[in-house]
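One-letter residues, chain by chain:
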Amino acid sequence: MDTKDLGFNTKLIHAGEFNDEFGSATVPIYQTSTFKFKSAQHGADCFAGKSDGYIYTRIGNPTIKAFENNIAELENGYDGIATSSGMAAITSVYMALLGAGSHIVSSDAVYGPARDVLEQDFTRFDVKASFVNTSNIENIKTAIKPNTKVLYIETPANPTMDITDIAACAKIAKDHNLILVVDNTFSSPYLQKPLDLGADVVLHSITKFINGHADIVGGVIVTKYAPIYKKIRHSMVYMGCNMDPHQAFMVIRGVKTLAIRIERAQENAIKVAKFLQAHPKVAWLKYPGLESHPQYELAKTQMKGFGSMMSFGLKGGFEAGKKLMDNVHLAILAVSLGGVETLIQHPASMTHAAVSKENKLAAGITDDLIRFSVGIEDAEDIIADLKHGLEKI
Ligand code: LCS
């Protein structure tokens with residue numbers, strides 16, 4: 001069935017629909033490392049790209065392809081590239097698009113390792129990076145150099161919740177011949193479609209909202225154009241960053257409920273955000289759905305909804321935050337985000353621990369910042385849990 005003109009909820013269930021000889025209603029797990037060729041000539045044709053048969057699971061697999069087809073349609077892209085993790089998606093993109101002597105401009109508040117790998121590893125290959133607050137478009141313009149190849153943004157950013165104007169970045173990228181890459185993990189294609197706003201590449205840690213059940217790690221890249229797709233797929237396959245068939249099966253199952261999970265989680269999130277904002281022990285709170293968020297107006301135009309991620313600080317600073325994290329019982333004290341369960345964590349000492357203190361502060365990742373991922377439990381229970389934890393301070 002061609003789902004191109006159907007609604008997003010229908011696409012979640014049917015896009016990239018899979019058909020096999022048995023009429024399987026769901027996509028089976030093709031748990032095989034390799035595939036039989038029909039003949040020596042067929043094998044040679046597969047390798048030469050003259051036949052599109054499967055060769056070897058690192059290169060491609062029907063279960064993985066079914067997920068790639070689905071996500072490519074959800075993001076309105078050319079094609080998808082599934083990876084073993086979100087970091088595998090990020091490093092495959094860096095590897096494909098950057099080379100010795102090249103430069104990347106990136107949001108300063110990005111998932112810690114997305115920055116660390118540029119600073120600690122890619123520098124060894126003479127790749128330079130500038131990290132700026134991309135919420136201010138002027139900072140991007142100032143950071144661009146003659147050798148800049150990529151503009152990389154994360155919006156909303158992990159963990160500051162800063163929002164960057166994707167369409168404005170697309171214009172800058174076009175003017176300077178850069179490839180615009182957007183990490184869409186915090187929004188998912190249900191809330192935000194970077195390719196429609198002019199980005200060239202969108203990527204995800206599907207560990208988060210797309211799979212949604214905190215039971216696998218994975219990543220995906222969707223490109224708008226075939227030539228970029230080919231480059232990134234080459235890097236992914238040759239670095240061995242492929243997803244495996246079981247991961248693909250799990251995420252095909254998880255993504256079907258993306259819309260209803262996000263709707264429910266963001267319904268809870270606005271209630272939680274209002275509770276926290278009004279609490280006397282809370283010093284500040286950043287949630288894109290509240291007018292107090294500095295880019296509330298931009299979030300309203302760029303996103304279909306405000307999601308379920310927020311960050312906040314307590315008047316008692318880090319020590320008070322530590323007490324809160326140790327005294328909530330329903331919210332799980334754990335890294336990751338975007339699952340059906342509510343999670344709480346401290347980025348400065350956990351997800352962003354490897355970023356230097358100086359760089360963390362410059363990016364707004366203060367020591368008091370607590371990150372909260374609202375799940376789909378009953379909002380009253382999440383709030384009661386926070387209330388109890390805050391009373392202990
Ligand atoms: N991009 C974003 C925005 C992320 O939050 C993460 C992981 C990644 C990429 C990397 O994905 P992974 O390799 O873990 O699938 N973020 C995490 C976090 O905030 N806590 O634990 C992992």
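Here, the structure is the one placed above.
First things first, this report covers the structure right here in the doc.

**Quick notes on the sheet that holds strand β8 (residues 282–286)**
If you trace the five strands from one edge of the open sheet to the other, you get β8-β9-β12-β11-β10, paired in mixed fashion. The sheet terminates laterally at β8 and β10 (332–333), the two strands that pair on one side only. In this sheet, strand β9 (residues 309–314) lies alongside β8 in antiparallel orientation, the contact comprising four bridges. When the sheet's bridge partners are listed, W284 is paired in β9 with G313.

**Section: the packing of helix α3 (residues 62–74) against helix α10 (residues 245–255)**
It is at 8 Å that the axes of α3 and α10 come closest, and there the two elements cross at 40 degrees. Helix-helix and strand crossings are classified by hand; for α3 and α10 the assignment is left-handed. For the pair α3 and α10, the contacting residues are T63, I64, A66, F67, N70 and L74 in the first and P245, A248, F249, V251, I252 and V255 in the second. Tallied by class, residues from the contact of α3 with α10 come to ten nonpolar, two polar and no charged.

**Section: the pairing of strand β12 (residues 370–373)**
Side chains I370 and F372 of β12 all project onto a buried face; the interleaved residues R371 and S373 project onto the opposite face, where all are buried too. Relative to β12, β9 runs antiparallel, the two being bridged by four bridges. Residue pairing for β12: M310 is matched across the bridge by F372. Pairing of strand β11 (residues 343–345) with β12, which is carried by three bridges, proceeds in the antiparallel orientation. By the bridge assignment, L343 is partnered in β12 with S373.

Parameters and conventions
In every chain, residue numbers begin from 1 and rise along the written sequence. Only residues with pLDDT of 70 or above have their local features reported here, since the model is predicted, and side-chain atom pairs are shown and tallied only from 80 upward, although totals for entire chains, interfaces and linings are computed over all residues. Excluding hydrogens and water, the side-chain values take into account all heavy atoms of the structure. Strands pair, by our definition, only if DSSP identifies at least two bridges between them. Numbering of helices and strands starts at the N terminus; helices are DSSP runs of H or I of at least 4 residues and strands are runs of E of at least 2. For helices, the axis comes from a line fit to the C-alpha atoms of the stretch in contact; other axes are also lines fit to C-alpha atoms, and the angle between any two N-to-C directions lies between 0 and 180 degrees. By convention, the crossing between two helices is left-handed when the near helix turns anticlockwise from the far helix through less than a right angle, and right-handed when the turn is clockwise. Contacts are assigned to residue pairs that have any heavy atoms within 4.5 Å of one another. We call Asp, Glu, Lys and Arg charged. Ala, Val, Leu, Ile, Met, Phe, Trp, Tyr, Cys and Pro are nonpolar, and the rest, Gly among them, are polar. For each residue, the accessible area found with a 1.4 Å probe, counting protein chains only, is set against the maximum for its type, and the residue is called buried under 20%, exposed over 50%, and partly exposed in between.

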